Amino acid sequence: MMVSVYFTILMSISLMVFYEATMYRLVKNSVYLYRINNVEVRLLDRGEENAIYVNTLLLKKKIILLKRDLPETILKHELGHVEQVNIYYLGLILAPWVASCNVLLLIPLAFTIKAIGVYLEYKADKAVGKPLKFNDPKPRPKSRLKRLYAWILENHPPDWVRMREDYLQKNIVTLFLRDILNG
């Protein structure tokens, strides 16, 4: 099944404009705090213990804290993203070419982009230098299928994996296989 290259290019551009607008709105609604390592740190106080790294075509190297007093590990994690490629833009650039070959190839492309995204999150966790601690971690499901869903649907490796003492010493593929295959 072939999809028009023009349609997929238009769709990719539309998604990139939407992404840029969303990130612009976050930056616009946030307040400048300080700079660290040439990265602008901003605050958008939503009371969430999280942060967002913004690196789009128009908005470069910004971290938006979603709560004023966050643990240092969250900032270190976001700083770990600074030298990484924006994997979602890569997917949007590749999508028109892949869809012009065969639209069904978009499925493996999506899984590949997702796997690379989880790997980049793991690399950002390594920048923290120690296992992460969560105030309200998600417990490890007994079902292998539910654990697989967590790996597929989340942007990061699951909390129960990220909190393991050996998390930063193991390969992400080894961690994935051990989590899915071990009961």
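Below is a short write-up of the structure. (Residues numbered from 1 in each chain as written. Predicted model: local features only at pLDDT ≥ 70, side-chain atom pairs only at ≥ 80, totals over all residues. Heavy atoms only, no water.)

**So, the overall build of the protein**
Here is the rule: Numbering of helices and strands runs from the N terminus; a helix is a DSSP stretch of H or I covering at least four residues, while a strand is a stretch of E covering at least two. For every residue, the accessible area obtained with a 1.4 Å probe (protein chains only) is divided by the maximum for its type, and the residue is called buried under 20%, exposed over 50%, and partly exposed between those limits. A contact between two residues is defined here by any heavy atoms of the two lying within 4.5 Å. Each accessible area is a Shrake-Rupley estimate made with a 1.4 Å probe; only the visible protein chains count as cover when residues are assessed.
When you go through the protein residue by residue, the secondary structure sums to 7 helices and 4 strands. Counting from the amino terminus, helix and strand elements in the protein follow one another as α-β-β-β-β-α-α-α-α-α-α. Looking at the protein as a whole, 40% of its 183 residues qualify as buried. In the protein, once contacts between residues fewer than 6 apart in sequence are set aside, the share between residues at least 24 apart is 56%. Working note: accessible area of the protein is about 11200 Å², and carbon and sulfur atoms make up 63% of it.

**Side note on the packing of aromatic side chains**
Rules: Centre distance within 6.5 Å is the pairing criterion for rings of Phe, Tyr and Trp, where only the six-membered ring of Trp is used; planes under 30 degrees apart are then read as stacked, over 60 as edge-to-face, and the remainder as tilted.
Within the structure shown, the criterion is met by 3 aromatic pairs. The interplanar angle of 80 degrees and the centroid separation of 5.6 Å between the aromatic rings of tyrosine 19 and tyrosine 89 together place this pair among those described as edge-to-face. Of this pair, tyrosine 19 sits in helix 1 (residues 5-29) while tyrosine 89 is found in helix 3 (residues 87-101), placing the two residues 70 residues apart along the sequence. For the ring pair tyrosine 122 and tyrosine 167, a centre distance of 5.3 Å and an interplane angle of 85 degrees mean the geometry is edge-to-face. Taken as a pair, tyrosine 122 in helix 4 (residues 106-128) and tyrosine 167 in the loop between helix 6 (159-162) and helix 7 (172-181) lie far apart in primary sequence, 45 residues in all. Tyrosine 122 sits in the buried class, given a relative accessible area of 4%.

**Things to note about the environment of alanine 127**
Checked against the element boundaries, alanine 127 lands in helix 4. With 54 residues separating them in the primary sequence, alanine 127 and threonine 73 have C-alpha atoms 9.0 Å apart. Contacts of alanine 127, omitting those with residues within four sequence positions, involve Lys76 and Gly80.

**Topic: the side chain of arginine 42**
Stated precisely, the cut-off is as follows: Pairs of N or O atoms within 3.5 Å make up the polar contacts considered here, provided that, within protein, one atom can donate a hydrogen while the other can accept it, and that residues adjacent in sequence are counted only when both atoms are side-chain atoms.
Structurally, arginine 42 is set in strand 2 (residues 39-43). At a separation of 2.7 Å, a polar atom in the side chain of arginine 42 contacts the side chain of serine 30. Side chain to side chain, arginine 42 and glutamate 40 meet in a polar contact 2.6 Å long. Beyond its immediate chain neighbours, meaning those up to four positions away, arginine 42 contacts Val27, Ser30, Val31, Tyr32, Leu33, Lys62, Ile63, Ile64 and Leu65.

**Here we look at the pairing of strand 4 (residues 62-65)**
Note the following rule: Only when DSSP finds a minimum of two bridges between them are two strands counted as paired.
Burial of the side chains of strand 4 extends over both faces: Lys62 and Ile64 are buried on one face and Ile63 and Leu65 on the other. Pairing analysis gives 4 bridges linking strand 2 to strand 4, with the strands arranged parallel. Following the sheet pairing, leucine 43 is matched in strand 4 by leucine 65. In this structure, strand 3 (residues 51-54) lies alongside strand 4, joined through 4 bridges in antiparallel fashion. Looking at strand 4, one finds that tyrosine 53 is bridged to isoleucine 63.

**Some points on the sheet that holds strand 3**
Strand pairing in a sheet relies on backbone hydrogen bonds. The paired strands run either parallel or antiparallel. Which entries qualify depends on this criterion: Geometry is summarised by axes, namely lines fitted to C-alpha atoms with helices restricted to the contacting stretch, and by angles between N-to-C directions that run from 0 to 180 degrees.
Taken in spatial order, the 4 strands of this open sheet run 1-2-4-3, and their pairing is mixed. Only two strands of the sheet have a single neighbouring strand rather than two, namely strand 1 (31-36) and strand 3. Taking the axes of each pair of neighbouring strands and ignoring which way they run, one obtains an average angle of 25 degrees across the sheet.

**Quick notes on the pattern of salt bridges**
The cut-off we apply is this: Take a side-chain nitrogen of Lys or Arg and a carboxyl oxygen of Asp or Glu: if they are within 4 Å of each other, that pair is a salt bridge.
A complete count under the given rule lists 11 salt bridges for this structure. The salt bridge partner of glutamate 40 is arginine 35, with a shortest N-O separation of 3.7 Å. Judged by relative accessible area, glutamate 40 falls into the buried class, the value being 11%. Through salt bridges that share partners, Arg35, Glu40, Arg42 and Lys62 make up one connected network.

**Considering the packing of helix 4 against helix 5 (residues 144-153)**
We apply this condition: Oblique is the label for any angle not under 35 degrees, not over 145, and not in the 65 to 115 range, which are roughly parallel, roughly antiparallel and roughly perpendicular in turn. Three residue categories are used. Nonpolar comprises Ala, Val, Leu, Ile, Met, Phe, Trp, Tyr, Cys and Pro, charged comprises Asp, Glu, Lys and Arg, and polar comprises the others, including Gly.
At a minimum axis separation of 9 Å, helix 4 and helix 5 run at an interaxial angle of 85 degrees. With respect to each other, helix 4 and helix 5 are oriented roughly perpendicular. Packed against helix 4, whose contacting residues are Phe111, Lys114 and Val118, the element helix 5 presents Trp151, Ile152 and Leu153 at the interface. Considering only residue class, the contact of helix 4 with helix 5 consists of 5 nonpolar, no polar and 1 charged.

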